[in-house]
Amino acid sequence: MISANDLSPAELAALLHFHAEAGVDWLLEEEPVDRFAEFEAIKAARRAASPATQPERQPQPDRQAAARPAPPAPQQRAAAAPAPASRVQPAIPDSEAVQQARFAAESARSLAELKTALEAFNGCNLKNSARSTIFASGDPASGIMVIGPAPGADDEREGMAFAGRQGQLLDRMLASIGLERSAILLTQIIPWRPPGNRMPSAAETEICRPFIERQIALAEPRAILLLGNYTARFFFGDNDTIHGLRGRWKEIAVAEQVIPAIASLHPQDLLTAPVNKRLAWSDLLAFQARLKSLSLLRN
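From a predicted model like this one, the values you see are computed outputs, not experimental measurements.

### Quick look at the pattern of salt bridges
Next, step 1: A full pass over the atoms with the stated rule returns 7 salt bridges.
Next, step 2: The partner of Asp171 in a salt bridge is Arg181, and the shortest N-O contact between them spans 2.9 Å. Of this pair, Asp171 sits in helix H9 (residues 164-176) while Arg181 sits in the loop between H9 and strand S3 (185-188), placing them 10 residues apart in sequence.
Next, step 3: Ionic contacts of the salt-bridge type, sharing partners, join the residues Glu206, Arg209 and Glu213 into one network.

Below is the structure:
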(Lines give C-alpha, C1' and ligand atoms only; values in the text may rest on other atoms or scores of the structure.)
Protein backbone atom coordinates (compact mmCIF):
# COMPACT_ATOMS: atom_id res chain seq x y z
CA MET A 1 0.00 0.00 0.00
CA ILE A 2 1.30 3.45 -0.92
CA SER A 3 1.28 5.95 1.94
CA ALA A 4 0.13 9.52 1.38
CA ASN A 5 3.50 10.60 2.77
CA ASP A 6 5.20 8.99 -0.25
CA LEU A 7 3.23 11.11 -2.75
CA SER A 8 4.18 14.50 -4.03
CA PRO A 9 1.65 17.35 -3.62
CA ALA A 10 0.74 17.08 -7.33
CA GLU A 11 0.26 13.30 -7.10
CA LEU A 12 -1.84 13.65 -3.95
CA ALA A 13 -4.00 16.32 -5.56
CA ALA A 14 -4.52 14.10 -8.61
CA LEU A 15 -5.53 11.18 -6.38
CA LEU A 16 -8.03 13.30 -4.45
CA HIS A 17 -9.43 14.64 -7.74
CA PHE A 18 -9.86 11.06 -9.01
CA HIS A 19 -11.83 10.09 -5.92
CA ALA A 20 -13.99 13.20 -6.17
CA GLU A 21 -14.82 12.49 -9.82
CA ALA A 22 -15.69 8.90 -8.83
CA GLY A 23 -18.30 10.20 -6.39
CA VAL A 24 -16.36 9.89 -3.09
CA ASP A 25 -17.42 12.87 -0.99
CA TRP A 26 -15.86 11.95 2.34
CA LEU A 27 -13.40 9.33 3.60
CA LEU A 28 -14.22 9.17 7.29
CA GLU A 29 -17.32 9.67 9.41
CA GLU A 30 -17.39 12.89 11.40
CA GLU A 31 -18.08 10.94 14.63
CA PRO A 32 -17.05 7.38 15.62
CA VAL A 33 -19.75 4.75 15.14
CA ASP A 34 -19.92 1.56 17.21
CA ARG A 35 -20.95 -0.97 14.53
CA PHE A 36 -20.96 -3.84 17.06
CA ALA A 37 -23.50 -2.02 19.22
CA GLU A 38 -25.61 -1.26 16.14
CA PHE A 39 -25.59 -4.93 15.15
CA GLU A 40 -26.68 -5.94 18.65
CA ALA A 41 -29.45 -3.32 18.50
CA ILE A 42 -30.70 -4.70 15.19
CA LYS A 43 -30.82 -8.23 16.58
CA ALA A 44 -32.66 -7.02 19.68
CA ALA A 45 -35.20 -5.13 17.53
CA ARG A 46 -35.80 -8.20 15.38
CA ARG A 47 -36.34 -10.42 18.41
CA ALA A 48 -38.81 -7.90 19.85
CA ALA A 49 -40.69 -7.56 16.54
CA SER A 50 -40.86 -11.31 15.78
CA PRO A 51 -42.14 -13.35 18.76
CA ALA A 52 -41.26 -17.04 18.68
CA THR A 53 -43.93 -19.23 17.13
CA GLN A 54 -42.58 -22.46 18.61
CA PRO A 55 -42.60 -23.23 22.35
CA GLU A 56 -39.15 -22.93 23.81
CA ARG A 57 -37.52 -25.91 25.48
CA GLN A 58 -36.89 -25.38 29.14
CA PRO A 59 -33.13 -25.66 29.78
CA GLN A 60 -31.82 -27.88 32.57
CA PRO A 61 -30.57 -26.04 35.64
CA ASP A 62 -26.90 -25.12 35.39
CA ARG A 63 -25.31 -24.57 38.77
CA GLN A 64 -22.19 -23.02 37.26
CA ALA A 65 -24.25 -20.67 35.11
CA ALA A 66 -26.20 -19.60 38.17
CA ALA A 67 -22.97 -18.44 39.78
CA ARG A 68 -22.02 -16.32 36.76
CA PRO A 69 -23.37 -12.74 36.48
CA ALA A 70 -26.29 -12.39 34.11
CA PRO A 71 -25.48 -10.83 30.70
CA PRO A 72 -26.94 -7.38 30.00
CA ALA A 73 -30.49 -7.37 28.76
CA PRO A 74 -31.14 -6.67 25.04
CA GLN A 75 -32.65 -3.33 26.01
CA GLN A 76 -29.41 -2.38 27.78
CA ARG A 77 -27.30 -3.38 24.78
CA ALA A 78 -29.59 -1.37 22.50
CA ALA A 79 -29.14 1.67 24.72
CA ALA A 80 -25.39 1.61 24.10
CA ALA A 81 -25.94 3.09 20.63
CA PRO A 82 -28.98 4.54 18.83
CA ALA A 83 -30.80 1.94 16.79
CA PRO A 84 -30.14 2.51 13.06
CA ALA A 85 -33.76 1.57 12.35
CA SER A 86 -34.68 5.15 13.20
CA ARG A 87 -32.47 6.41 10.35
CA VAL A 88 -33.37 3.88 7.65
CA GLN A 89 -36.64 4.41 5.81
CA PRO A 90 -38.76 1.32 5.19
CA ALA A 91 -38.96 0.10 1.61
CA ILE A 92 -42.09 1.18 -0.25
CA PRO A 93 -43.35 -0.74 -3.31
CA ASP A 94 -42.65 1.21 -6.49
CA SER A 95 -46.32 1.43 -7.54
CA GLU A 96 -47.33 2.73 -4.14
CA ALA A 97 -44.43 5.21 -4.13
CA VAL A 98 -45.55 6.59 -7.51
CA GLN A 99 -49.07 7.08 -6.16
CA GLN A 100 -47.73 8.83 -3.07
CA ALA A 101 -45.52 11.06 -5.21
CA ARG A 102 -48.43 11.96 -7.48
CA PHE A 103 -50.66 12.82 -4.54
CA ALA A 104 -47.96 14.92 -2.86
CA ALA A 105 -47.16 16.80 -6.07
CA GLU A 106 -50.75 17.47 -7.12
CA SER A 107 -51.62 18.72 -3.62
CA ALA A 108 -49.09 21.57 -3.93
CA ARG A 109 -50.59 24.86 -5.08
CA SER A 110 -47.32 26.77 -5.40
CA LEU A 111 -43.64 26.04 -5.98
CA ALA A 112 -42.98 26.76 -2.29
CA GLU A 113 -45.54 24.14 -1.27
CA LEU A 114 -44.12 21.71 -3.81
CA LYS A 115 -40.62 22.16 -2.38
CA THR A 116 -41.93 21.41 1.11
CA ALA A 117 -43.75 18.33 -0.18
CA LEU A 118 -40.64 17.09 -1.99
CA GLU A 119 -38.44 17.53 1.07
CA ALA A 120 -40.94 15.55 3.17
CA PHE A 121 -41.33 12.76 0.61
CA ASN A 122 -39.54 9.52 1.53
CA GLY A 123 -40.79 7.17 -1.17
CA CYS A 124 -37.66 7.22 -3.37
CA ASN A 125 -34.61 5.24 -2.29
CA LEU A 126 -32.31 7.87 -3.84
CA LYS A 127 -33.15 10.18 -0.96
CA ASN A 128 -31.69 7.72 1.56
CA SER A 129 -28.18 8.11 0.14
CA ALA A 130 -28.35 11.78 -0.91
CA ARG A 131 -27.09 14.70 1.15
CA SER A 132 -29.29 17.36 -0.46
CA THR A 133 -32.68 17.72 -2.10
CA ILE A 134 -32.24 19.85 -5.23
CA PHE A 135 -35.21 22.01 -6.20
CA ALA A 136 -35.89 24.66 -8.83
CA SER A 137 -34.19 28.03 -8.43
CA GLY A 138 -34.43 31.36 -10.21
CA ASP A 139 -37.41 33.33 -11.49
CA PRO A 140 -40.55 31.24 -12.22
CA ALA A 141 -42.26 34.30 -13.70
CA SER A 142 -39.72 34.57 -16.52
CA GLY A 143 -41.54 32.09 -18.76
CA ILE A 144 -38.15 30.45 -19.47
CA MET A 145 -37.16 27.08 -18.05
CA VAL A 146 -33.93 25.10 -18.31
CA ILE A 147 -34.05 21.46 -17.17
CA GLY A 148 -31.19 19.06 -16.54
CA PRO A 149 -31.09 15.36 -15.59
CA ALA A 150 -29.91 14.70 -12.01
CA PRO A 151 -27.58 16.30 -9.45
CA GLY A 152 -23.87 15.60 -9.51
CA ALA A 153 -21.35 15.71 -6.69
CA ASP A 154 -20.92 19.50 -6.90
CA ASP A 155 -24.69 20.06 -7.02
CA GLU A 156 -25.21 17.92 -3.93
CA ARG A 157 -22.35 19.60 -2.10
CA GLU A 158 -23.63 23.12 -2.80
CA GLY A 159 -27.36 22.28 -2.68
CA MET A 160 -28.15 23.75 -6.09
CA ALA A 161 -28.55 22.58 -9.67
CA PHE A 162 -25.63 23.02 -12.09
CA ALA A 163 -22.86 23.82 -9.61
CA GLY A 164 -19.10 23.51 -10.06
CA ARG A 165 -17.39 23.59 -13.46
CA GLN A 166 -20.49 22.54 -15.39
CA GLY A 167 -22.45 25.32 -13.71
CA GLN A 168 -19.82 27.88 -14.63
CA LEU A 169 -19.96 26.73 -18.24
CA LEU A 170 -23.77 26.90 -18.22
CA ASP A 171 -23.61 30.46 -16.91
CA ARG A 172 -21.38 31.40 -19.84
CA MET A 173 -23.69 29.62 -22.28
CA LEU A 174 -26.71 31.54 -20.95
CA ALA A 175 -24.82 34.83 -20.97
CA SER A 176 -23.93 34.32 -24.63
CA ILE A 177 -27.63 34.63 -25.54
CA GLY A 178 -28.47 37.35 -23.02
CA LEU A 179 -29.68 35.25 -20.08
CA GLU A 180 -28.55 34.60 -16.53
CA ARG A 181 -29.60 31.85 -14.15
CA SER A 182 -31.25 34.17 -11.63
CA ALA A 183 -33.59 35.48 -14.37
CA ILE A 184 -34.86 32.05 -15.49
CA LEU A 185 -36.12 28.91 -13.75
CA LEU A 186 -33.41 26.26 -13.50
CA THR A 187 -34.19 22.73 -12.29
CA GLN A 188 -33.51 19.01 -12.71
CA ILE A 189 -35.69 15.94 -13.27
CA ILE A 190 -34.25 13.94 -10.37
CA PRO A 191 -33.97 15.91 -7.09
CA TRP A 192 -31.49 13.52 -5.41
CA ARG A 193 -28.05 12.50 -6.59
CA PRO A 194 -27.87 8.82 -7.60
CA PRO A 195 -24.97 7.02 -5.87
CA GLY A 196 -21.79 7.22 -7.94
CA ASN A 197 -23.60 9.42 -10.48
CA ARG A 198 -25.23 6.33 -11.99
CA MET A 199 -28.29 6.63 -14.21
CA PRO A 200 -31.62 6.62 -12.35
CA SER A 201 -33.54 3.38 -12.70
CA ALA A 202 -36.88 3.23 -14.48
CA ALA A 203 -38.69 2.93 -11.13
CA GLU A 204 -36.81 5.92 -9.67
CA THR A 205 -37.62 7.96 -12.76
CA GLU A 206 -41.34 7.27 -12.49
CA ILE A 207 -41.36 8.11 -8.79
CA CYS A 208 -39.74 11.49 -9.51
CA ARG A 209 -41.87 12.23 -12.59
CA PRO A 210 -44.86 13.80 -10.76
CA PHE A 211 -42.61 16.35 -9.03
CA ILE A 212 -40.89 17.68 -12.18
CA GLU A 213 -44.18 17.73 -14.10
CA ARG A 214 -45.78 19.67 -11.26
CA GLN A 215 -42.90 22.15 -11.30
CA ILE A 216 -43.60 22.81 -14.97
CA ALA A 217 -47.35 23.05 -14.42
CA LEU A 218 -46.94 25.61 -11.63
CA ALA A 219 -44.25 27.68 -13.38
CA GLU A 220 -46.12 27.71 -16.71
CA PRO A 221 -43.03 28.28 -18.89
CA ARG A 222 -43.50 29.35 -22.50
CA ALA A 223 -40.25 27.77 -23.73
CA ILE A 224 -38.02 25.04 -22.30
CA LEU A 225 -34.37 24.15 -22.91
CA LEU A 226 -33.60 20.49 -22.16
CA LEU A 227 -29.99 19.60 -21.40
CA GLY A 228 -28.57 16.11 -21.83
CA ASN A 229 -29.48 12.74 -23.25
CA TYR A 230 -31.51 11.54 -20.25
CA THR A 231 -33.54 14.76 -20.14
CA ALA A 232 -34.36 14.71 -23.85
CA ARG A 233 -35.46 11.07 -23.71
CA PHE A 234 -37.55 11.72 -20.61
CA PHE A 235 -39.63 14.46 -22.25
CA PHE A 236 -39.56 13.40 -25.90
CA GLY A 237 -40.20 9.71 -25.24
CA ASP A 238 -37.50 8.72 -27.73
CA ASN A 239 -34.58 6.34 -27.31
CA ASP A 240 -32.29 8.19 -29.72
CA THR A 241 -29.06 9.80 -28.51
CA ILE A 242 -28.80 13.49 -27.76
CA HIS A 243 -27.12 14.00 -31.14
CA GLY A 244 -30.28 12.73 -32.81
CA LEU A 245 -32.66 14.64 -30.53
CA ARG A 246 -30.94 18.02 -30.24
CA GLY A 247 -31.59 21.13 -32.27
CA ARG A 248 -35.23 20.40 -33.18
CA TRP A 249 -38.24 22.05 -31.60
CA LYS A 250 -40.88 19.71 -30.24
CA GLU A 251 -43.96 20.19 -28.13
CA ILE A 252 -44.30 18.53 -24.75
CA ALA A 253 -47.61 18.21 -22.93
CA VAL A 254 -47.72 18.70 -19.16
CA ALA A 255 -51.07 18.84 -17.38
CA GLU A 256 -53.16 21.03 -19.70
CA GLN A 257 -50.19 22.87 -21.18
CA VAL A 258 -48.41 22.29 -24.47
CA ILE A 259 -44.96 23.86 -24.37
CA PRO A 260 -42.28 24.17 -27.09
CA ALA A 261 -38.99 22.59 -26.06
CA ILE A 262 -35.58 22.13 -27.65
CA ALA A 263 -32.82 19.79 -26.49
CA SER A 264 -29.09 20.40 -26.45
CA LEU A 265 -25.94 18.88 -25.01
CA HIS A 266 -25.34 18.98 -21.27
CA PRO A 267 -22.49 21.21 -20.08
CA GLN A 268 -20.68 18.13 -18.78
CA ASP A 269 -20.78 16.68 -22.30
CA LEU A 270 -19.10 19.84 -23.55
CA LEU A 271 -16.41 19.67 -20.88
CA THR A 272 -15.69 16.09 -21.93
CA ALA A 273 -15.80 16.79 -25.67
CA PRO A 274 -15.25 20.52 -26.35
CA VAL A 275 -15.53 19.91 -30.10
CA ASN A 276 -19.32 19.67 -29.60
CA LYS A 277 -19.56 23.28 -28.42
CA ARG A 278 -20.36 24.34 -31.98
CA LEU A 279 -23.47 22.13 -31.86
CA ALA A 280 -24.54 23.59 -28.52
CA TRP A 281 -24.01 27.11 -29.86
CA SER A 282 -26.35 26.36 -32.76
CA ASP A 283 -28.99 25.11 -30.30
CA LEU A 284 -28.58 28.18 -28.12
CA LEU A 285 -29.12 30.49 -31.10
CA ALA A 286 -32.33 28.61 -31.95
CA PHE A 287 -33.47 28.94 -28.35
CA GLN A 288 -32.64 32.66 -28.36
CA ALA A 289 -34.62 33.20 -31.57
CA ARG A 290 -37.69 31.48 -30.12
CA LEU A 291 -37.47 33.57 -26.92
CA LYS A 292 -37.37 36.75 -28.99
CA SER A 293 -40.37 35.65 -31.05
CA LEU A 294 -42.28 35.07 -27.80
CA SER A 295 -41.17 38.48 -26.47
CA LEU A 296 -39.35 36.77 -23.59
CA LEU A 297 -36.03 38.27 -24.60
CA ARG A 298 -35.21 41.72 -25.87
CA ASN A 299 -33.95 42.06 -29.41
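### Details of the nonpolar core
Soluble, globular proteins show a tendency: their nonpolar side chains are buried together.
Next, step 1: In terms of nonpolar packing, the biggest core is built from 70 residues, with Ile147, Leu179, Ile224, Phe235, Phe236 and Phe287 touching the most fellow members.
Next, step 2: When residues in this core are grouped by element, the largest group, 7 residues, is from helix H10 (residues 202-219).
Next, step 3: Here Phe287 is in contact with Ile144, Ile177, Leu179, Ala223, Ile224, Leu225, Trp249 and Ile262, once residues within four sequence places are set aside.

### Some words on the environment of Arg233
Next, step 1: Tracing the sequence through the fold places Arg233 in helix H11 (residues 229-236).
Next, step 2: Through-space distance from the C-alpha of Arg233 to that of Leu245 is 8.2 Å; in sequence the pair is 12 residues apart.
Next, step 3: Sequence-distant contacts of Arg233, defined by excluding residues within four places in its chain, comprise Asp238, Asn239, Asp240, Thr241 and Leu245.

### Structural notes on the environment of Gln168
Next, step 1: When you line up the elements, Gln168 lands in helix H9.
Next, step 2: Spatially, the C-alpha atom of Gln168 lies 9.0 Å from that of Pro267, the residues being 99 residues apart in sequence.

Calculation notes
Residues numbered from 1 in each chain as written. Predicted model: local features only at pLDDT ≥ 70, side-chain atom pairs only at ≥ 80, totals over all residues. Heavy atoms only, no water. Salt bridge = Lys/Arg side-chain N within 4 Å of Asp/Glu carboxyl O. Helix = DSSP H or I, 4+ residues; strand = E, 2+ residues; numbered from the N terminus. Core = buried A, V, L, I, M, F, W, Y, C linked by side-chain atoms within 4.5 Å. Buried < 20%, exposed > 50% of the residue type's maximum accessible area, 1.4 Å probe, protein only. Contact = heavy atoms within 4.5 Å.

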